[in-house]
Amino acid sequence: MKKDFLKLLRNFILLSIPLLGAVFYAAIFPMRYHSPEYPMWAEEKSFVRTDSNDYSVLIIGDSRAKSSVLPELLGNDVYNMAIGGTTAIEMYYAFQNYLKANDPPSYAILIFAPYHFCDIDNYSQTLYYHYLSFWEEAGLTLNAFKSAKEDAILHKGWFTDSLSFRLRLPNKYMAEILDAPSGGNTDENTAVFQKIRQEKGFRSFGTDEENNLENYEVHHETFDSSELVVKYFERLLNSLEEAGTEVIIEQAPVNPFSHEHITSDFYEGFEAWLSETENRHPSCTVVHDVPVYPKNAFGDNNHLNRRGAERYTGELLEKYPEIFKGSLTSGLPQ
Amino acid sequence: MLFNSVQFVLFFPVVTAGFFIFPKKFKNIWLLLAGYYFYVCASPAFLPVLIGATLVTWAVCLVMHGRKGKGRTAILCLGITANIGALFFFKYFAFACSIIGVSPPFRLLLPVGISFYLFQATGYLIDVYRGSLAPEKRLLRLALFLSFFPCLLSGPITRAGEMLPQFEEEHRFDYERIRYGLLRMLFGYFMKLVIVARLDLVTTRIFDHYGDVNGYGLALGMVLYAFQIYCDFAGYSELALGAAKVMGFSLPENFRQPFFAEKSSELWRRWHMTLMKWFTDYLYIPLGGSRKGRARKYINILIVFAISGLWHGASWTFVIWGLLSGLFMVLGELSAPLRSSLLSSIPVHNRFTGVLHRFFRTLITFSLFVFALVFFRAPSLKAAGEILGKIFFGFRLSDVFALSPFSLGLGKVNLFLLLFALLILFAADLINELRGDKISWLMEKKAPIRWGFYYTAVVMILFSTQIGAASFIYFRF
């Protein structure tokens, strides 16, 4: 029986060679087949895990932070380590990794879209790009079990999904591998990576000259925060405070149409939640007002375009002169 | 749990390893737990239905045993009413309400596999009633018969007489048998992931917008759908038979190259064989079969096929599909003498005309099958009528040349892979037809041929994972 079993095992391994080839290809050449979304994740992951000359100001948040703050206008010691599609969950782990390789920053500016305290809408991308380590993912899953209604992480088939991503199985990666052009995406992705690095983490999303369509908050009747996200946001704040970092919670702008259509219940709920957070963390500076920018500042319905980012960054510079060493030579764009 | 899920890829080796490692007395318990877990993954809320059907069937057979006369028949009726009643309740209640013009007071979800395991349970009840089978006293064995995971969700519909003894047999680790089973599973995955996934893209595109598609496009769509449903269900059966064989169990064959059939009656002896045999044994023969004259025989055929259609789904489209299939079978029998005399009047009879005749008969049989299948695929009778109207009255030869195969939504690579896969399927079916069993045939070949096929199949399956695999069509029945 043992001999037969070994024979079966040998044949099974031989038969698995194409599968192993696909898995290794997916693991070794991510820049070759992934879309240009990947370099943003890869750049940030590499930034937080390497000694990066110890920046004194970090921008932490989601895509609105990523596309709103131009660190190069704020000074040499500012880095935008936000990632599009993430929540406080990913940013908590990002900051832990940053601390392992770097001294804590003096200041951290946290910018998250309000709806990102309610929804985890992009977790599969976190798994897809292998952003979290095995143990980070295990810890998060455990916390999701403890939190009520976190089906964004513990959805039906979460385990096999997670395993498929972790092992880079073809059911998750083959589509993008086959869709990539024959020469691969390496050049394009490397260029995106380098541009993000050059601009100290900034990346714009929308390409419109103007946009006044409804953003994600418009789809929420009320501000119904996610227990798990809030738990991780608290952890992030605690962690920053313990590291001696001064925390500023800022708000990214919304376009006029969204501002008109976001319900008062949502705004009130968000406002109340911010006040509670402020009470729990009195050392944090919490900005409550969500600014409204004209439509020509928006590259899509959620994100500022470069003109909008310059204006927002300029306002931050004016607002916090004691933090930023940069200067605006041409004044704020309108 | 789907056979084509990562979950099953983890589940199956664990269950098989446990099955071979555990001592004999624990093997059946292990398989029962595996079956229930398998079912819970697919239909978590409805495990009580499966367990309830098991308990009722077991109890009814034990009570029936030893009784005679009307009491015995009454108990049988009670058992059948319980099983078929449950099926009616979950599957046909809303349909029955719509027939009498009442909106159903509640909406029910259909427990996955209910049509399969309740038919197995009902078949067992009738076998015990007829005395062809002793009632199973051990509840565990009966529960295992009804929840044996390879055939729990979509058949084959097994008989207690052929399965219960197998649960007592010694199942040892046998390399050749395991290899055979795994190769059947590989072929099943090939059918499902390589062929069905691609055909599904095309047919969904066609039938989701059938109003915008011309007659030729719809006719092509129906032909492709015939191959899709064949590969979907036969692929599932290959997986079920293969998985069972790995553990040492033999399940009845469910498909035997149906599209090689030369007449409708033959096609239905080759398609979903276990269901057709079930209907033959437990419905057609009790109705009188062919023993009460030709007219009665044809009526019985129509009844069986109408009910078979209803078994597939609670909708008039399925009833019409069943009736049409039965009608083609009856017409085939009625026209047989005329066709024979026409054939004998042809002056030339040689091997070529014989092959041509056979091809022609196969083509007609397949065309009739596809014609009826319109009602199976269409969402409503009105839609079926529109599709058939377009196929028969909106068919223009110019459309044949105007429709590029690349406009079917597959792209060049996938179209090539699909055609190549269909060629392999045809070769496999031909080998089955001529040599009896493609897997045994393959296992006898030299290593380069065998491994050539293995790697071709594995690489094509890998390339197909990009498409993603939907649920099996027969899950909904």
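Residues numbered from 1 in each chain as written. Chains lettered and ligands numbered in written order. Predicted model: local features only at pLDDT ≥ 70, side-chain atom pairs only at ≥ 80, totals over all residues. Heavy atoms only, no water.

Looking at this structure, I do not really get unusual backbone geometry. What am I missing?
Negative phi is the rule for most residues except glycine; trans is the rule for most peptide bonds. Residues and elements named next belong to chain B. Unusually for a residue other than glycine, Q257 sits at a positive phi of about 45 degrees. As for its position among the elements, Q257 is in the loop between α9 (215–247) and α10 (264–270). Judged by relative accessible area, which is 5%, Q257 ranks as buried. The phi angle at H272 is positive, at roughly 40 degrees, despite the residue not being glycine. Residue placement: H272 occurs in the loop between α10 and α11 (273–284). (Helix = DSSP H or I, 4+ residues; strand = E, 2+ residues; numbered from the N terminus. Buried < 20%, exposed > 50% of the residue type's maximum accessible area, 1.4 Å probe, protein only.)

Just checking my understanding: could you explain a positive patch on the surface for this structure?
All names here are of chain B. A surface patch of positive charge is lined by R256, K263, R269 and R339. Along the chain, R339 turns up in helix α14 (residues 336–344). Residue classification places R339 among the partly exposed residues on the basis of a relative accessible area of 35%. (Patch = residues over 30% accessible without salt bridge, like charges linked within 9 Å, V, L, I, M, F, W, Y side chains within 5 Å. Areas by Shrake-Rupley, 256 points an atom, 1.4 Å probe, with all protein chains shown as cover. Salt bridge = Lys/Arg side-chain N within 4 Å of Asp/Glu carboxyl O. Lys, Arg positive; Asp, Glu negative; His and termini not counted. Charge placed at Lys NZ, Arg CZ, Asp CG, Glu CD.)

Could you clarify how one ought to interpret the state of the cysteines in this entry?
In a disulfide, the sulfur atoms of two cysteines are covalently bonded to one another. Per the stated rule, a full pass over the model turns up zero disulfides over all chains. Here A:C118 is not disulfide-linked; the sulfur of A:C284 is the nearest cysteine sulfur, at 19 Å. You can call A:C118 buried: its relative accessible area is 11%. Looking at B:C41, it has no disulfide partner, and the nearest cysteine sulfur is the one in B:C151, 17 Å off. (Disulfide = S-S within 2.5 Å.)

Help me understand the domain arrangement of chain B in this model?
When the parts of a complex come together, some accessible area is lost, and that lost area is often used as the size of the interface. All names here are of chain B. When cut into domains, chain B gives domain 1 (6–173) and domain 2 (177–476). Using C-alpha coordinates to define each centre, domain 1 is positioned 27 Å away from domain 2. Contact residues are listed per partner, giving 40 residues for domain 1 and 37 residues for domain 2. Here domain 1 and domain 2 share an interface that buries about 3,300 Å² over both sides, 69% of which is from carbon and sulfur atoms. (Domains from an automatic or database assignment. Contact = heavy atoms within 4.5 Å. Buried area = accessible area lost by both parts, 1.4 Å probe.)

Would you take a moment to explain the packing of helix α7 (residues 88–101) of chain A against helix α9 (residues 134–146) of chain A for this structure?
The angle between the axes and the distance between the axes are what describe a pair of packed helices. All names here are of chain A. Running from amino to carboxyl end, α7 crosses α9 at an angle of 140 degrees, the nearest separation of the two axes being 12 Å. By the criterion of interaxial angle, the relationship of α7 to α9 is oblique. Regarding α7 and α9, the two cross each other, and that crossing is right-handed. Judged by residue contacts, I89, Y93 and N97 of α7 engage E136, G139 and L140 from α9. A per-class count over the contact of α7 with α9 returns three nonpolar, two polar and one charged. (Axes fitted to C-alpha atoms, helices over the stretch in contact; angles between N-to-C directions. Parallel < 35°, antiparallel > 145°, perpendicular 65-115°, else oblique. Left-handed = near helix turned anticlockwise from the far one by under 90°. Nonpolar A, V, L, I, M, F, W, Y, C, P; charged D, E, K, R; others polar.)

Just checking my understanding: could you explain the interface of chain B and chain A for this structure?
Taken together, the contacts link 17 residues of chain B with 24 residues of chain A. Contact with chain A buries surface across chain B, with B:F173, B:Y175 and B:L462 losing the most and accounting together for 34% of the total. Counting across the interface, chain B meets chain A through zero salt bridges. Taken together, chain B and chain A are joined by two residue pairs in polar contact (both at pLDDT 80 or more). (Polar contact = N/O pair within 3.5 Å; in protein donor to acceptor, adjacent residues only side chain to side chain.)

Can you walk me through the pattern of salt bridges in this structure?
Close approach of charged atoms allows side chains of opposite charge to pair. Residue and element names in this part refer to chain A. Taken as a whole, this structure holds 32 salt bridges over all chains when the rule is applied. Between R197 and E43 there is a salt bridge, with its nearest N and O atoms 2.7 Å apart. Of this pair, R197 sits in helix α12 (residues 186–198) while E43 sits in helix α4 (residues 38–49), and the two are 154 residues apart along the sequence. Judged by its relative accessible area of 0%, E43 falls in the buried class. For E137, the salt bridge identified is with R166, shortest N-O distance 2.4 Å. Of the two residues, E137 is situated in helix α9 and R166 in helix α10 (residues 158–166); the sequence distance between them amounts to 29 residues.

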